[in-house]
Amino acid sequence: NRPSFTARWVAARRAQLAPTRSSTPAGNVEGERALYRDVSGTFVWLLARPAGFAHRTAFIDGEVAGAIGRGVEQIVILGAGYDGRPMRFGGGATRWFEVDYPSTQADKRRRLDALGLSPARVAYVPLDLMVDDLDAALSAAGHDAAAPSLFLCEGLLPYLTLEASAAMFRTLRARATDGSVLVATFLEAAEPRDLLLAWRRARDVGFRAIGEPRRNEFQPGDPEKLFVVTGWRGVRSKSGRASWID
């Protein structure tokens, strides 16, 4: 019942990457940076630099720019946190749907209001992806299942069970007409050595302590299986160098 700690950490990392990222001509890049600065606060000193973070951000930015260029007018961000892409890539005909836990979303909207920022064509969809009905929530928010969509699932899956992840993917597949794309990021965990296993156990204790436990860990090959069993077809993938924090 509080804003997500890890979502704030992600926003702080994106603030550091802002000067190197792409955007659309009509996008409000300064508005996005103002939000990230506000969210970052005292998090600056906590900023480790995981190698995969900049890689995944650039990959998803490219998918967003490509979808907008193809004329896709609906983008759904699952586990949106403080994502500023509706400002960075906004200003056109694209409608954005931000799905996240109610307390995090309420904090984001409060910060936007305090900063005088009103991202255009954004629908906020507050729900718990572990238990709530995503299909009904998207319908109520005005998502059109008959029009192509880009679905973004960045950094979310470790915090959902495998069953909840599969249910989410199936729901998105049922709402995906021709031309729709699902982009997801995964942390693949190879069999760890003793020292790395000890680090992961300590890390997981930390996540549980802040109320954001990691519920899922993917082994090599698991992401492809998840796509197949939920009705999706893999088109392209890209791997980044793992870091000690991952």
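Residues numbered from 1 in each chain as written. Predicted model: local features only at pLDDT ≥ 70, side-chain atom pairs only at ≥ 80, totals over all residues. Heavy atoms only, no water.

Per the stated rule, a full pass over the model turns up 16 salt bridges. When the shortest N-O distance is used, the salt bridge between Arg-56 and Glu-154 registers 2.8 Å. Of the two residues, Arg-56 is situated in helix H3 (residues 51–70) and Glu-154 in the loop between strand E4 (150–153) and helix H7 (162–174); the sequence distance between them amounts to 98 residues. Judged by relative accessible area, which is 22%, Arg-56 ranks as partly exposed. A network of salt bridges, in which partner residues are shared, links Arg-14, Arg-21, Glu-32, Arg-56, Asp-61, Asp-83, Arg-85, Arg-88 and Glu-154. (Salt bridge = Lys/Arg side-chain N within 4 Å of Asp/Glu carboxyl O. Helix = DSSP H or I, 4+ residues; strand = E, 2+ residues; numbered from the N terminus. Buried < 20%, exposed > 50% of the residue type's maximum accessible area, 1.4 Å probe, protein only.)

Spatial strand order, E3-E2-E1-E4-E5: 5 strands in an open sheet with parallel pairing. A strand with exactly one partner marks an edge of an open sheet, and here the two such strands are strand E3 (122–126) and strand E5 (181–184). Here the strands of the sheet are splayed against their neighbours by 15° on average, with no regard to which way each runs. Its contacts with the sheet put helix H6 (residues 134–141) on strand E1 (74–78), strand E2 (95–100) and E3, and the angle it makes with E2 is roughly 145°. (Pairing = 2+ DSSP bridges. Axes fitted to C-alpha atoms, helices over the stretch in contact; angles between N-to-C directions. Contact = heavy atoms within 4.5 Å.)

Throughout the structure, instances matching the rule amount to 5 aromatic pairs. Here Phe-151 and Trp-232 contribute two aromatic rings whose centre-to-centre distance is 6.4 Å and whose plane-to-plane angle is 75°, an arrangement assigned as edge-to-face. Of the two residues, Phe-151 is situated in strand E4 and Trp-232 in the segment after helix H9 (222–229); the sequence distance between them amounts to 81 residues. Trp-232 shares its class with Phe-151; the two are buried. Between Phe-186 and Phe-227, the ring centres sit 6.0 Å apart and the planes meet at 65°, which makes this aromatic pair edge-to-face. Of this pair, Phe-186 sits in the loop between E5 and helix H8 (194–209) while Phe-227 sits in helix H9, and the two are 41 residues apart along the sequence. (Phe/Tyr/Trp six-rings, centres within 6.5 Å; stacked < 30°, edge-to-face > 60°.)

Burial analysis of E3 places 4 of its 5 residues in the buried class, which makes it a mostly covered element. Two strands pair when backbone bridges link them, and E2 and E3 are joined in this way by 5 bridges, in the parallel orientation. Note on E3: the bridge partner recorded for Val-99 is Val-125. Since E2 and E3 lie parallel, the crossover through helix H5 (residues 102–115) that links them has a hand, and here it is right-handed. (Right-handed = clockwise from strand over helix to strand, strands pointing away.)

Two elements in contact, H6 and H7, have axes whose closest approach is 9 Å; the angle formed by their N-to-C orientations is 40°. With respect to each other, H6 and H7 are oriented oblique. The element H6 and its partner H7 pack so that their crossing is right-handed. Of the residues in H7, those touching H6 at Leu-134, Asp-135 and Leu-138 are Met-168, Thr-171 and Leu-172. (Parallel < 35°, antiparallel > 145°, perpendicular 65-115°, else oblique. Left-handed = near helix turned anticlockwise from the far one by under 90°.)

Residue placement: Tyr-82 occurs in the loop between E1 and helix H4 (85–88). A relative accessible area of 2% means that Tyr-82 is categorised as buried. Sequence separation of Tyr-82 and Arg-111 is 29 residues, and the distance between their C-alpha atoms is 9.8 Å.

Here the focus is helix H2 (residues 29–40). With 12 residues, H2 extends 16 Å from end C-alpha to end C-alpha; this agrees with the ideal 16 Å at 1.5 Å per step. Here H2 has its buried residues at Gly-31, Glu-32, Ala-34, Leu-35, Tyr-36, Val-39 and Ser-40. Backbone geometry just downstream of H2 places Gly-41 in the positive-phi region, at approximately 50°. (Expected span 1.5 Å × (residues − 1).)

Pairing geometry for E4 and E5, over 4 bridges, is parallel. Bridging across to E5, Leu-150 finds its partner in Val-181. With H7 bridging E4 and its parallel neighbour E5, the resulting β-α-β unit is right-handed.

Another point: the nonpolar core. Formed by 28 residues in total, the largest nonpolar core has its most connected members in Leu-78, Val-99, Leu-134, Met-168, Phe-169 and Leu-172. Taken together, the elements giving at least two residues each to this core come down to E1, E2, E3, H6, E4, H7, E5 and H9. The element contributing the most residues to this core is H7, with 5 residues. Those residues in contact with Met-168 that lie beyond four places of it in its chain are Leu-78, Leu-129, Leu-134, Cys-153, Leu-156, Leu-157 and Leu-160. Residues Ile-77, Leu-112, Leu-150 and Leu-152 belong to the second largest nonpolar core, which totals 23 residues. (Core = buried A, V, L, I, M, F, W, Y, C linked by side-chain atoms within 4.5 Å.)

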